[in-house]
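Residue-level structural notes
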Amino acid sequence: MYSMNDYRAALSERDSHDMESPAWKLGQTKVQGIVTAMVASKNIDMVHEVVDEVYSLNECGISLDDVAIQFDLWLLKSNGYEKQAQELMELDWE
């Protein structure tokens, strides 16, 4: 089982590479795997991280149709967090 320490370590490892480089993309895949496993295991701290990420992306002007947003919404909905996903979908999107 993964922990928040594993998540933070994966973020740190990913962020040590240039954004969108092959190494960064590999790190992002690892981060997404950890996030997915933790949300599926009902880790509420990770659910909060996902929700916060979507709020941050919204504030940056990212579109609701963006792949990262759609992945996060799917992750929440498919793991029983429909209420959180619905609230996020109702934000003022570009």
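Here is a short report on the structure shown in this document. (Residues numbered from 1 in each chain as written. Predicted model: local features only at pLDDT ≥ 70, side-chain atom pairs only at ≥ 80, totals over all residues. Heavy atoms only, no water.)

Concerning the nonpolar core
Among the nonpolar cores identified, the biggest contains 22 residues, and Tyr7, Val35, Val39, Met46 and Leu76 are the most heavily contacted of them. Listing elements by their share of this core, those giving two or more residues are helix H1 (4-15), helix H2 (22-40), helix H3 (44-59), helix H4 (67-78) and helix H5 (82-89). (Core = buried A, V, L, I, M, F, W, Y, C linked by side-chain atoms within 4.5 Å. Buried < 20%, exposed > 50% of the residue type's maximum accessible area, 1.4 Å probe, protein only. Helix = DSSP H or I, 4+ residues; strand = E, 2+ residues; numbered from the N terminus.)

As for the environment of Trp24
Position of Trp24 among the secondary structure elements: in helix H2. A relative accessible area of 11% means that Trp24 is categorised as buried. Through-space distance from the C-alpha of Trp24 to that of Val51 is 22 Å; in sequence the pair is 27 residues apart. Filtering out sequence-adjacent residues up to four positions away, Trp24 remains in contact with Arg14, Asp15, His17, Asp18 and Met19. (Contact = heavy atoms within 4.5 Å.)

A short note on the packing of H1 against H2
Following both chains from N to C, one finds H1 and H2 inclined at 165 degrees, their axes separated by 8 Å at the closest point. In terms of orientation, H1 and H2 fall into the roughly antiparallel class. In the packing of H1 onto H2, the handedness of the crossing is left-handed. Contacts from Met4, Asp6, Tyr7, Ala10, Leu11, Glu13, Arg14 and Asp15 in H1 reach Trp24, Gly27, Gln28, Lys30, Val31, Ile34, Val35 and Met38 in H2. A per-class count over the contact of H1 with H2 returns 9 nonpolar, 2 polar and 5 charged. (Axes fitted to C-alpha atoms, helices over the stretch in contact; angles between N-to-C directions. Parallel < 35°, antiparallel > 145°, perpendicular 65-115°, else oblique. Left-handed = near helix turned anticlockwise from the far one by under 90°. Nonpolar A, V, L, I, M, F, W, Y, C, P; charged D, E, K, R; others polar.)

A short note on the pattern of salt bridges
A full pass over the atoms with the stated rule returns 2 salt bridges. The salt bridge involving Glu13 is made with Lys30; its shortest N-O contact spans 3.3 Å. With Glu13 in helix H1 and Lys30 in helix H2, the pair connects residues that are 17 residues apart, well separated along the chain. Arg14 serves as the salt-bridge partner of Asp15, at 2.9 Å between the closest nitrogen and oxygen. Given the relative accessible area of 47%, Asp15 is considered partly exposed. (Salt bridge = Lys/Arg side-chain N within 4 Å of Asp/Glu carboxyl O.)

As for the packing of aromatic side chains
Throughout the structure, instances matching the rule amount to 1 aromatic pair. When the centroid spacing of 5.7 Å and the interplanar angle of 45 degrees are considered together, the rings of Phe71 and Trp74 count as tilted. Taken together, the residues Phe71 and Trp74, both in helix H4 and 3 residues apart, mark about one turn of the helix. Look at Phe71 and you get partly exposed, because its relative accessible area is 24%. (Phe/Tyr/Trp six-rings, centres within 6.5 Å; stacked < 30°, edge-to-face > 60°.)

Describing H2
Here H2 is 19 residues long and its end C-alpha atoms lie 27 Å apart, about the 27 Å a rise of 1.5 Å per residue gives. Taken residue by residue, H2 has Trp24, Gly27, Val31, Ile34, Val35, Met38 and Val39 as its buried positions. All buried residues of H2 lie within an arc of 125 degrees about the axis, which places them on one face of the element. Exposed and facing more than 90 degrees away from the buried side of H2 are Pro22, Leu26 and Thr29. The elements touched by buried residues of H2 are H1, H3 and H4. Following H2 by one or two positions, Lys42 adopts a phi angle in the positive range, close to 65 degrees. (Expected span 1.5 Å × (residues − 1). Arc of directions from axis to C-beta.)

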